[in-house]
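Okay, here's what each chain looks like letter by letter:
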Amino acid sequence: MNIVRNLWVRITTRFTFIIPFLAIVGPGIITANVDNDVGGIATYSIVGANYGYQMIWLLVIMTVALAVVQEMVARMGVVTGKGLAALIRENFGLKITFYAMIVLIVANLANTVAEFAGIAAGGEIFGISKYISVPIAAFIVWLLVILGSYKYVEKVLLFFCLIYVTYIISGFMTHPPWGEILKETITPKITWNSNFFIVAVAMIGTTIAPWMQFFQQSIIAEKRIKIRDYKYERWDTHIGAFLTDLVAFFIIIACAGTLYKAGIKVESASDAARALTPLAGKYAAGLFAIGLINAGIMASMVLPVTTAYAVSEGFGWESAIGRKFKQAPKFFILYTLFIIIGASTILFTKISLIKVMLFSQTANGILLPVILILMLILCNNPKIMGKHTNTPTFNAIAWITVIITIALTILLITATIFPNLF
Amino acid sequence: MRFTQYLRGSVVINNKKERIGIVKDLVVNTKSKFPRTTFLVVHLDKMEFIGGIELIEPAKNVKMLIPWEQVGSFKDYKDKKIKLKVSFKQIETRGLGPNELVVGENILDQQIITSKGIGLCRVSDVIFVEKNNHLVLIGLCVGASGLIEQLGFEWPAKIMSKVLLKDYKEEIIPWNYIKEFLPHKQQIMLSSKDYSKIVSQIISDYEDDEAIKLIHHKKQK
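Calculation notes
- Residues numbered from 1 in each chain as written.
- Chains lettered and ligands numbered in written order.
- Predicted model: local features only at pLDDT ≥ 70, side-chain atom pairs only at ≥ 80, totals over all residues.
- Helix = DSSP H or I, 4+ residues; strand = E, 2+ residues; numbered from the N terminus.
- Domains from an automatic or database assignment.
- Nonpolar A, V, L, I, M, F, W, Y, C, P; charged D, E, K, R; others polar.
- Contact = placed C-beta atoms within 7 Å.
- Core = buried A, V, L, I, M, F, W, Y, C linked by C-beta atoms within 7 Å.
- Buried ≥ 20, exposed ≤ 12 C-beta atoms within 10 Å, placed from the backbone.
- Axes fitted to C-alpha atoms, helices over the stretch in contact; angles between N-to-C directions.
- Parallel < 35°, antiparallel > 145°, perpendicular 65-115°, else oblique.
- Left-handed = near helix turned anticlockwise from the far one by under 90°.
- Pairing = 2+ DSSP bridges.
- Expected span 1.5 Å × (residues − 1).

Caption draft 1: Structural detail: unusual backbone geometry. Residue and element names in this part refer to chain B. A positive phi angle is found at K17, which is not glycine, with a value near 60°. Within the secondary structure, K17 sits in the loop between β1 (11–13) and β2 (19–29). Phi angles above zero are rare outside glycine, and Q186 is one such case at about 55°. Within the secondary structure, Q186 sits in the loop between β15 (178–182) and β16 (187–190).

Caption draft 2: Highlighting the domain arrangement of chain B. All names here are of chain B. Taken domain by domain, chain B consists of domain 1 (3–100) and domain 2 (108–220). For the side of domain 1 that touches domain 2, the elements supplying multiple residues, two or more each, are α1 (3–7) and β3 (36–44). Ranked by residues supplied to the side of domain 1 that touches domain 2, first place goes to α1 with three residues. Looking at the side of domain 1 that touches domain 2 residue by residue, the classes come out as five nonpolar, three polar and two charged.

Caption draft 3: Spatial organisation of the interface of chain A and chain B. In this complex, chain A contributes 12 residues to the contact, which on the side of chain B involves 14 residues. Among the elements that take part in the side of chain A that touches chain B, helix α5 (residues 84–125) of chain A stands out by supplying six residues, more than any other. The class makeup of the residues in the side of chain A that touches chain B is four nonpolar, four polar and four charged.

Caption draft 4: View of the environment of B:K60. Residue placement: B:K60 occurs in the loop between β5 (53–59) and β6 (62–67). Along the chain, B:K60 and B:K46 lie 14 residues apart, while their C-alpha atoms are 4.8 Å from each other.

Caption draft 5: A look at the nonpolar core. Among the nonpolar cores identified, the biggest contains 181 residues, and A:I251, A:I252, A:F288, A:L292 and B:V126 are the most heavily contacted of them. Top contributing element to this core by residue count: helix α14 (residues 282–315) of chain A, with 20 residues. Formed jointly, this core draws a minimum of three residues from each of two domains, domain 1 (3–100) and domain 2 (108–220) of chain B.

Caption draft 6: Layout of the packing of α5(A) against helix α16 (residues 353–379) of chain A. Residues and elements named next belong to chain A. Put simply, α5 and α16 touch, their axes get as near as 8 Å, and they point 155° apart. In this view, α5 runs roughly antiparallel relative to α16, as classed from their interaxial angle. For the crossing formed where α5 meets α16, the hand is left-handed. Considering only residue class, the contact of α5 with α16 consists of 23 nonpolar, four polar and no charged.

Caption draft 7: Expanded view of the sheet that holds strand β11 (residues 119–122) of chain B. All names here are of chain B. Here four strands make up an open sheet; going across it, the order is β11-β10-β16-β15 and the pairing mixed. Pairing within the sheet leaves two strands with one partner each, and these edge strands are β11 and β15. Across the sheet, the mean angle separating the axes of adjacent strands is 25° when strand polarity is ignored.

Caption draft 8: Molecular detail of helix α10 (residues 194–207) of chain A. Residues and elements named next belong to chain A. Its 14 residues give α10 an end-to-end C-alpha distance of 20 Å, which sits within 8% of 20 Å, the value for a rise of 1.5 Å per residue. When α10 is considered as a whole, its buried residues turn out to be A200, V201, A202, M203, I204, G205, T206 and T207. For α10, the elements touching its buried residues are α3 (38–51), α4 (57–80), α16 and α18 (392–417).

Caption draft 9: Seen up close, the environment of A:T31. Residues and elements named next belong to chain A. Summarising the element assignment, T31 is placed in helix α2 (residues 27–34). Residue classification places T31 among the buried positions, given that 31 C-beta atoms sit within 10 Å. Separated by 234 residues in the primary sequence, T31 and K265 have C-alpha atoms spaced 30 Å apart. With residues near it in sequence (within four places) discarded, T31 still touches Q70, M212, F215, Q216 and G240.

And the structure:
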């Protein structure tokens, strides 16, 4: 009888956790998954195709770093009920906010262009012209935010997150050697050449990007998550960090098990999807391409929304997906402009995608150190965070994470601007 | 006069014309219809006395509240100089009262919301006028001009306005339209839900001031 009672208590205890968790879940998982955008998928494809399983161990470190950074913004969002841009303006003044916003706009615009390029490339794998796929995708993402409430948009984005499972399936379809993969995951291996370091740094750079901090904190503020529910949001953030790198893990596996073994080098995610067809079958390649289109659609919605949130918060304008156009006109105009510019650039110009991505990588790299340091200062300010400031242990981990991320980002920018230096 | 342009960063000199520090902030008392300054927040070059008692070693990086009664004149405010009536040793400071707000901390950069809670803009500058040897806060600058001045973009803005034949907007919310301060949210609530009607209105009590002339000018246009 006792056993049954204990079991019942255990089940109900779990149940009482799961229900509120399901109500809170969203900001952390969505933000982390959008991180696997077109640029991210390209980077992981290149890592798998060029280095096999050799760099998988880095994912473990990246997951921890991502969880640490995003947990801080989640906590700030819950405690203050404000977005990161609003906190920066209120605590550091106009100048810092203004320049941070300029760089964020430039980086996010370049990223948005890259996302629409991913949608175009993914569509072309299935024989759909970019003149059909891009306008349709742009219209759908625009309509979702303009007409939808926050809850509706969140549900749609969570559904899109599920589509990332296509990468996990295509990873399994390549019949990976699990023993070898496990060994590579737990034994760090470094190749002492400049290319290895640049790819490793690019991998970290694509995982922790400034838009993520702005986006997650803003949607937490819009969702009005209370401090009493913070533990669920922390779980949401940590699970998100784990899932995003799990997807990255399977992208690397899919490319390492096929392209690397066949000695095929790729430069983009669509190259990888095409190259997978003869090696892993048309279904694996098709799933890979579906994942790419999905990533493009998600990010082409989230990046303009992030920009609209950040700029509106910085200048004090009303900013919320849940508001009507009349109540937050500047927010929705910014969002619309971003989508129009992003989609039109892909449709009507012959811009080099690689140059766009390098440009966005540099802009992100310039902004990230500033944002991370401001975040740490804010997170340690008891006037803002009350008793929820960083603990000394967490601070030590956070500062180490931030310093390493900053150092690697500087290395990445240097390698991007001066490619012949290393 | 604008807070960020003329007051913040001004040099504070004592009655013997010796520099003692720079103005970091101002404190105003919000009890009256238009808030009056009650303190200068001064970042001291060095602190040699506390309550008239000399310190063994001067303290550095200290901020001090100097009561407004001890401020002599600020007629040289355009040269960014504020003169005290007393020597440093004679300064008698005290704590902030319940209705007192620190301008840079509690007003500047805060979000302005309508009476219905809709975000409108942020305070880009704070406008004071001189009256009976006090500074009186008359309005909050929320337009492009405050932003341009704070960012130091005056000359590019002038060129742009000449090229585009368009003047950049000067928008001021008169203080008497402020309903409530929400310090925990760092927001300032207006008494109206229609923002466009209250911006750039005349505050008749202080018509002779340059800021008011500006508002008049705007209205005549």
